[in-house]
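Understanding the architecture of this molecule
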Amino acid sequence: MRQDKKGWLLNYIESFKSFTHKEKFKDYIRDKITSYPNVDDFLYHTVQSTGLMYGFPVKLAEEELIDISGLEEDDKMKVILIDSLLNYSLFYKNQGFHENENIETVIDEVTCSIKDFYLEVFPGIKDKEINNASDNVVEVLIERRVQTGKKWSNTFWTSYFKNSLLFLDVIYFSKWMQKESKERLIKEKEDVYFLIIKIIAASANANSVIENEEKALFENFLNSAKMKEENVKKANDYFYKGVKLESIDFEGIDSWIIKKYLLEISILTIWSDRVVDQEELVFLEELNAKLGFSKQDFEASMIAIESFVLSHWNELPYINKNNDYDKIYGNLIERTTDFINRNIRDIDNEIFRKDEFKQLLQKSVNNELSNIEKQKIKLYLRKYLKTIPSLAIFLLPGGSVMLPLLLKLLPDKFLNANKLPVD
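The shown structure was predicted, so the numbers you read here are calculated from the model rather than taken from an experiment. (Residues numbered from 1 in each chain as written. Predicted model: local features only at pLDDT ≥ 70, side-chain atom pairs only at ≥ 80, totals over all residues. Heavy atoms only, no water.)

In this section: the overall build of the chain. When helices and strands are tallied, the chain shows 21 helices and 0 strands. Across the 423 residues in the chain, those meeting the buried criterion constitute 55%. As presented, the chain carries roughly 19,500 Å² of accessible surface, and 47% of it is formed by carbon and sulfur atoms. (Helix = DSSP H or I, 4+ residues; strand = E, 2+ residues; numbered from the N terminus. Buried < 20%, exposed > 50% of the residue type's maximum accessible area, 1.4 Å probe, protein only. Areas by Shrake-Rupley, 256 points an atom, 1.4 Å probe, with all protein chains shown as cover.)

Here you go:
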């Protein structure tokens with residue numbers, strides 16, 4: 001993909017259209033869409049691995065579509081945002097494609113829908129530049145949403161929230177496509193912004209100490225939210241004076257994916273110094289329960305965040321990288337081992353009874369699998385694990401870390417039972 005400052009959207013759309021001409025593309029999209037039971041699940045699993053949810057762009061949902069590794073961070077974010085909006089639209093509009101459907105026409109229709117969404121749900125975004133734009137309105141709108149006027153920080157943690165609110169764009173676009181009124185969406189969007197402020201404030205004050213990283217996250221959020229001056233003052237009062245978890249009302253939030261986002265915002269705020277002390281852990285568990293999630297949901301979010309960071313370790317700027325990596329990887333191993341031990345019977349019954357999977361697993365211990373074989377293992381895991389609620393945690397994004405870790409941590413008795421040597 002060319003790195004032109006203007007015309008990048010057209011380049012992306014043309015690349016996407018070329019991607020759709022690949023053999024069995026419609027079958028691929030249909031299989032991808034039907035893998036998820038609802039739109040929230042689809043959005044989370046499609047977008048989380050891109051980094052959009054965490055305000056730090058790393059890749060497209062389909063990496064083979066376009067190589068964005070050489071782009072600057074803002075340019076990556078623009079492409080990932082439009083790609084996420086398009087991915088959701090394909091899910092919503094088709095739930096799989098009809099054979100006689102023209103995918104290029106669908107993409108053109110989606111692009112128009114994205115323009116209408118931003119102009120209606122973000123009324124303050126329209127200005128002289130937008131009015132003067134002719135055939136590149138969507139490009140200008142996306143650029144306006146991504147640009148914050150600040151340079152990217154030299155650490156991942158302080159860059160978080162610089163653009164993490166763009167994840168809400170995708171969520172509210174999905175609601176808008178499902179015909180929710182723009183008035184309701186505008187109000188709910190502003191309510192959720194303030195709810196995020198309260199969660200960040202409560203999380204940062206969970207152990208009565210506001211860390212520098214937490215302060216940086218909060219400031220980046222304010223910059224990204226572009227709030228009115230009086231609301232900025234309220235936000236600062238919440239953060240520096242503190243707010244109690246019990247005073248935060250979640251009754252108006254009925255969206256699973258928004259609640260998931262709020263939970264992971266809190267986890268990342270507390271986790272920004274790579275340490276979660278006992279007081280902070282208790283706070284997170286209470287928040288998790290207040291949001292209506294189970295212990296497994298909490299573990300899933302912790303693992304999702306850790307696996308995302310580790311999956312893209314070389315792409316994320318860090319200070320003291322080696323110590324941080326060891327600390328985070330150790331946490332992930334401990335958490336995953338505990339989860340496997342508590343669910344070992346289900347793993348045995350559902351996975352190790354499948355002959356082809358056992359053969360691939362056996363081969364993987366001493367030999368490098370081909371890309372096709374690796375894909376088969378992923379497909380087997382997705383097929384079997386999705387049928388067992390307690391094991392759905394292993395279907396999280398971040399498979400480049402989770403899959404090898406899962407295979408590494410399988411208990412000795414199952415390795416021996418399948419005649420697999422133990423490292």
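Turning to the side chain of Ser266, a few remarks are in order. Summarising the element assignment, Ser266 is placed in helix H13 (residues 256-271). With residues near it in sequence (within four places) discarded, Ser266 still touches Ile199, Ser203, Phe283, Leu284 and Leu287. (Contact = heavy atoms within 4.5 Å.)

Turning next to helix H12 (residues 229-241). Structurally, the α-helix is built with 3.6 residues per turn, so residues lying three or four positions apart point the same way. Between its first and last C-alpha, H12 extends 18 Å over 13 residues, near the 18 Å set by a 1.5 Å rise per residue. Inspection of H12 places Asn231, Ala235 and Phe239 among the buried residues, and these make up the whole buried set. Along the long axis of H12, the arc covered by the buried residues comes to 75°, so they all point the same way. Exposed residues lying more than 90 degrees from the buried face of H12 are Glu229, Lys233 and Lys241. Where H12 is buried, its residues contact helix H10 (182-204) and helix H11 (212-225). Gly242 occupies a position one or two residues after H12 and carries a positive phi of about 90°. (Expected span 1.5 Å × (residues − 1). Arc of directions from axis to C-beta.)

A word on the packing of aromatic side chains. In this structure the tally under the stated criterion is 14 aromatic pairs. Taken together through their ring pairs, the aromatic side chains of Tyr88, Phe117, Tyr118, Phe122, Phe173 and Trp176 make up a single cluster. Its end group placed over the ring of Phe122, Lys189 keeps NZ or CZ at 4.4 Å from the ring centre. The cationic tip of Lys260 hangs over the ring face of Tyr44; the distance from NZ or CZ to the ring centre is 5.4 Å. (Phe/Tyr/Trp six-rings, centres within 6.5 Å; stacked < 30°, edge-to-face > 60°. Lys NZ or Arg CZ within 6 Å of the ring centre and 35° of its normal.)

Moving on, we come to the nonpolar core. Tyr12, Tyr118 and Ile196 are the most contacted members of the largest nonpolar core, which has 111 residues in total. Counting residues per element, this core draws most heavily on H10, at 12 residues. For Tyr118, the residues in contact, after removing those within four places along its chain, are Leu81, Leu85, Pro123, Ile125, Leu141, Ile142, Arg145 and Asp169. If you look at the next biggest cluster of nonpolar residues, it comprises 6 residues, including Phe357, Leu360, Ile377 and Tyr380. (Core = buried A, V, L, I, M, F, W, Y, C linked by side-chain atoms within 4.5 Å.)

Turning to the pattern of salt bridges, a few remarks are in order. According to the stated counting rule, one finds 10 salt bridges in the structure shown. Note that Lys189 and Glu190 form a salt bridge whose closest N and O atoms lie 3.3 Å from each other. On the basis of relative accessible area, Lys189 is assigned to the buried category, the value being 5%. One salt-bridge network, in which partners are shared between bridges, spans Lys175, Glu180, Arg184 and Glu188. (Salt bridge = Lys/Arg side-chain N within 4 Å of Asp/Glu carboxyl O.)

Quick look at unusual backbone geometry now. Phi at Lys179 is positive, roughly 75°, even though this residue is not glycine. With respect to the helices and strands, the residue Lys179 is situated in the loop between helix H9 (166-177) and H10. On the basis of relative accessibility, which here comes to 71%, the residue Lys179 falls in the exposed class. In the Ramachandran plot, Ser208 falls in the positive-phi region, its phi being about 70° despite a non-glycine side chain. Structurally, the position occupied by Ser208 is in the loop between H10 and H11.

Counting through the fold element by element, Glu188 comes out in helix H10. Discounting residues that sit within four places of it in the chain, Glu188 has contacts with Tyr172, Lys175 and Ile258.

The N-to-C vectors of helix H1 (residues 8-20) and helix H7 (residues 137-146) enclose an angle of 110°; their axes lie 8 Å apart at closest approach. Relative to H7, the element H1 is oriented roughly perpendicular. Facing Trp8, Leu9 and Leu10 of H1, the residues of H7 in contact are Val138, Glu139, Ile142 and Glu143. When its residues are assigned to classes, the contact of H1 with H7 shows 5 nonpolar, no polar and 2 charged. (Axes fitted to C-alpha atoms, helices over the stretch in contact; angles between N-to-C directions. Parallel < 35°, antiparallel > 145°, perpendicular 65-115°, else oblique. Nonpolar A, V, L, I, M, F, W, Y, C, P; charged D, E, K, R; others polar.)

A word on the environment of Ala235. By secondary structure assignment, the location of Ala235 is in helix H12. Discounting chain neighbours no more than four positions away, the residues touching Ala235 are Ile197, Phe218 and Leu222.

Relative to each other, H13 and helix H14 (residues 278-290) sit at 175°, their axes nearing to 10 Å. It follows that H13 is roughly antiparallel to H14 by the angle criterion. On H14, the residues that touch Leu263, Ser266, Ile267 and Ile270 of H13 are Glu280, Phe283, Leu284, Leu287 and Asn288. Taken together, the residues of the contact of H13 with H14 break down into 6 nonpolar, 2 polar and 1 charged.

Another point: the confidence of the model for the chain. Residues shown with low pLDDT carry predicted positions that ought not to be read at fine detail. Chain-level statistics for the chain give a pLDDT mean of 76 and a share of 72% at 70 or above. Across the chain, H14 holds the top mean pLDDT of 91, while helix H21 (residues 412-417) sits lowest at 47. Scored below 50 in pLDDT, residues 416-423 shows 14 contacts in the model against residues more than four places distant or in partner chains. (pLDDT = per-residue confidence, 0-100.)

Right, let's talk about the environment of Leu332 for a bit. By the secondary structure assignment, Leu332 is in helix H16 (residues 321-342). Assessed through its relative accessible area of 0%, Leu332 is described here as buried. Separated by 73 residues in the primary sequence, Leu332 and Leu405 have C-alpha atoms spaced 9.0 Å apart.

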